[in-house]
Amino acid sequence: MRRTSASLVAGALVAALAWASGPSSPAVALDPSVGAADLTQDINQILSDSRLTIARAGVVVKSAQTGEELYATDASKQLIPASNTKLFTSAAAVETLGLDYRFPTTVLNTGRKAGSVLAGDLVLRGTGDPTMLAEDYDALAADVAKAGIKVVTGKLVADDTWFDDRRLGNDWAWDDETAYYAAPISALTASPDRDYDAGSVIVGVAAENGKVKVTTTPATDYLKIVNKATAGAETDVLIERQHGTRTVVITGTVADPYQEWVAVDDPTAYAASLFRKALGKHGVKVLGSTETAAAPSNAKKLAEHQSMTLGELLVPFLKLSNNIHAEILTKAMGRKVSGQGTWSAGLKVSTDFAKANGVQVINMRDGSGLSRRDGFSPGSIVQLLSAVRAKPWFSTWYEALPIAGNADRFTGGTLRSRMRGTPAADNVHAKTGSLTGVTSLSGYVTSADGEPLIFSIMLNQYLSGSPKDIEDKIAVRLAQFSRTAAASETAQLRATDAGPAGDLECSWLKPVQC
């Protein structure tokens, strides 16, 4: 049975009540002058860390009850946000698409059916569902078989035209091309697991009887596997897809089982291959080839799969900082608002939403934060976090943010190994962000007095040693903030390290699972 200390339970309850009270319902009467000077002094001390000597640091802290700015340094400076970009994308998506939004994936047919023969094409049409698993394509294939179709004389047509054919985001690094966290974006895609890492395959290796056995999840022959690995005394293996190809080369030695998440080159073709294989399993033979094209206007619906709601998708999206979800939602917003499933159309929706909610400093190049040309100020992030508290969907969105120190993976998310055993644990709800030389943490925390606070911490251009502990010290200090009592010494503010992720989101290091 899981045991939780009474102090943590009480802290979590205070936090929940404070945020549930809303922006117009102060929980306590506050004296703005009390405690703020000590807070400023302590945050300044934390930011004096030698790792930030030549770095850029922007920090803003604001009272959600009074609107008072409790701390600010470089509040209006534009900095690289990394995955803090997802705060803007997710909020705009919920506002634009709605919590009940679902992605349909549809099977259609052209021509006519005579007995068990379909004299025409079978069409698989997607709208971007990142949660489609091999089993979902199998269920669609089963529905086709239940409709009495055993032979399709025409082609299998993959319709991914709900989005444009631009697969990779603005400014993405070329050497991330095969990494699952930078997988290509398509309206037709598939995920290998219930983290919903769309557009990727899990490639596993294991030593058996002196040889290296390779498996894929899902089971697929879409990838060409070149296995050069050998069984050895230790596992030191590289699993890598060659650029611009479907070929995965495996080298090194294998002792213990190991897995790597690998982005496919073409998610549309990958999804179509899973569907064709499933059709064969259910006794449906497609005589023609597979091609990519738009479904004819006269095509008739045979079967349909509906995704989970956007409200449900927010959990894996934000808790695990899923880049592909962010980009798919960006294109989905563009499609809804302007009829164009493009990055430019979707980013305009996100920036228009931000500006309508008082945000001034913003430069969005993608939806996830992979681009190093994304730029926000900590003041702008705090402004967004303040504005969305009045939204009817806020509580769902707030609970989908990572929660500090909570070991449950789909509760703590990217913060589950951070700030454990401190007043910030089960209190801080915040979005992490990480790129090499970039880290950020922005969100909400309830003070020792029960006062809801909003904060943004952005650290750029540090040269060595991840300063995530600096973010943690500030967040813990905010959880200890009191208008009436002095805080603990800042040197004692952090109880645990930030996990093994270093400069990357821990959710991006799948084998580590930090």
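Draft legend 1. Local environment of the overall build of the chain. A count of helical and extended segments in the chain gives twelve helices and 23 strands. Relative to its 514 residues, the chain shows a buried fraction of 56%. In the chain, the share of contacts with a sequence separation of at least 24, taken over all contacts with a separation of at least 6, comes to 71%.

Draft legend 2. How the structure looks around the packing of helix α3 (residues 85-97) against helix α8 (residues 343-356). Look at α3 against α8: their axes get within 9 Å of each other, and the N-to-C directions meet at 90°. The orientation of α3 relative to α8 falls into the category roughly perpendicular. For the pair α3 and α8, contact is made by F88, T89, A91, A92, E95 and T96 and by V349, S350, F353 and A354, respectively. In terms of residue class, the contact of α3 with α8 is made up of six nonpolar, three polar and one charged.

Draft legend 3. Structural detail: the sheet that holds strand β10 (residues 211-217). Overall, antiparallel pairing links the three strands, which are arranged β10-β9-β15 in an open sheet. A strand with exactly one partner marks an edge of an open sheet, and here the two such strands are β10 and β15 (258-263). With strand direction ignored, the average angle separating the axes of adjacent strands in the sheet is 25°. With six bridges connecting them, strand β9 (residues 200-208) and β15 associate as antiparallel partners. Paired with G204 across the two strands is Q259, which belongs to β15.

Draft legend 4. Spatial organisation of the pattern of salt bridges. Tallying each qualifying case throughout the model produces 21 salt bridges. Among the salt bridges present, the one from D472 reaches R418, with a minimum N-O distance of 2.8 Å. Of this pair, D472 sits in helix α12 (residues 468-480) while R418 sits in the loop between α11 (409-412) and β21 (429-435); the two residues are 54 residues apart in sequence, bridging distant segments of the chain. D472 gets classed as buried once you look at its relative accessible area, which sits at 0%. The network of salt bridges with shared partners includes D49, R51 and D469.

Draft legend 5. Representation of the packing of aromatic side chains. In total, this model carries ten aromatic pairs according to the counting rule given. Judged by centre distance (5.1 Å) and plane angle (85°), the rings of Y101 and F103 are edge-to-face. Measuring from centroid to centroid gives 5.8 Å for Y180 and Y181, while their planes differ by 75°, and the two rings are edge-to-face. Across the pair, Y181 and Y180 agree in class, each one buried. Members of the aromatic cluster, joined through ring pairs, are W393, F394, W397, Y398 and Y444. K331 extends its terminal NZ or CZ atom over the ring of W343, reaching a point 4.1 Å from the ring centre. Positioned over the ring face of W162 is R335, at 3.9 Å from the centre of the ring.

Draft legend 6. Focus on the environment of A345. Here A345 shows up in helix α8. When the C-alpha positions of A345 and R335 are compared, they lie 7.5 Å apart, and in sequence the two are ten residues distant. What A345 contacts, discounting residues up to four positions off in sequence, is G334, S338 and Q340.

Draft legend 7. Representation of the environment of Y101 in the model. By the element assignment, Y101 lies in the loop between α3 and β3 (104-109). Taking the C-alpha atoms as reference, Y101 lies 9.8 Å from E312; in sequence the two are 211 residues apart.

Draft legend 8. Region of the structure containing the confidence of the model for the chain. Taken as a whole, the chain shows an average pLDDT of 90; of its residues, 88% reach a score of 70 or greater. Low pLDDT (under 50) marks residues 1-17, which in the prediction has nine contacts with non-local residues, meaning those over four places away or in another chain. Residue range residues 489-501 is modelled with pLDDT below 50. Its contacts to residues more than four positions away, or to other chains, number 32 contacts.

Draft legend 9. Focus on the nonpolar core. By size, the foremost hydrophobic cluster in this structure holds 64 residues, and its most contacted members are F88, L310, V388, W397 and Y444. Top contributing element to this core by residue count: α3, with seven residues. Formed by 39 residues, the second largest nonpolar core is a distinct cluster that contains A141, V152, I239 and F275.

Draft legend 10. Representation of the sheet that holds strand β4 (residues 112-114). Here we have four strands laid out as an open sheet, ordered β4-β5-β7-β16, and mixed in their pairing. Single-partner strands in this sheet number two, and they are β4 and β16 (285-286). With two bridges connecting them, strand β5 (residues 117-119) and strand β7 (residues 151-152) associate as parallel partners. Across the sheet, residue L118 finds its bridge partner in β7, namely V152.

Draft legend 11. Representation of helix α5 (residues 267-281) within the structure. Here α5 spans 21 Å end to end across 15 residues, near enough to the 21 Å set by a 1.5 Å rise per residue. P267, T268, Y270, A271, A272, L274, F275, A278 and L279 are the residues of α5 that are buried. N-cap assignment for α5: the residue whose side-chain oxygen lies 3.1 Å from the backbone N of T268 is D266. Just beyond α5, the residue with positive phi is G283, at close to 80°.

Draft legend 12. The packing of α3 against helix α7 (residues 323-338), seen in detail. Two elements in contact, α3 and α7, have axes separated by 10 Å at closest approach and are oriented at 40°. Comparing their axes, α7 and α3 come out oblique. Viewed along their axes, α3 and α7 form a crossing whose handedness is left-handed. Between α3 and α7, the contacting residues are K86, T89, A92, A93, T96 and L97 on the first element and N323, A326, L329, T330, A332, M333, K336 and V337 on the second. Considering only residue class, the contact of α3 with α7 consists of eight nonpolar, four polar and two charged.

Criteria and thresholds
- Residues numbered from 1 in each chain as written.
- Predicted model: local features only at pLDDT ≥ 70, side-chain atom pairs only at ≥ 80, totals over all residues.
- Heavy atoms only, no water.
- Helix = DSSP H or I, 4+ residues; strand = E, 2+ residues; numbered from the N terminus.
- Buried < 20%, exposed > 50% of the residue type's maximum accessible area, 1.4 Å probe, protein only.
- Contact = heavy atoms within 4.5 Å.
- Axes fitted to C-alpha atoms, helices over the stretch in contact; angles between N-to-C directions.
- Parallel < 35°, antiparallel > 145°, perpendicular 65-115°, else oblique.
- Nonpolar A, V, L, I, M, F, W, Y, C, P; charged D, E, K, R; others polar.
- Pairing = 2+ DSSP bridges.
- Salt bridge = Lys/Arg side-chain N within 4 Å of Asp/Glu carboxyl O.
- Phe/Tyr/Trp six-rings, centres within 6.5 Å; stacked < 30°, edge-to-face > 60°.
- Lys NZ or Arg CZ within 6 Å of the ring centre and 35° of its normal.
- pLDDT = per-residue confidence, 0-100.
- Core = buried A, V, L, I, M, F, W, Y, C linked by side-chain atoms within 4.5 Å.
- Expected span 1.5 Å × (residues − 1).
- Polar contact = N/O pair within 3.5 Å; in protein donor to acceptor, adjacent residues only side chain to side chain.
- Left-handed = near helix turned anticlockwise from the far one by under 90°.

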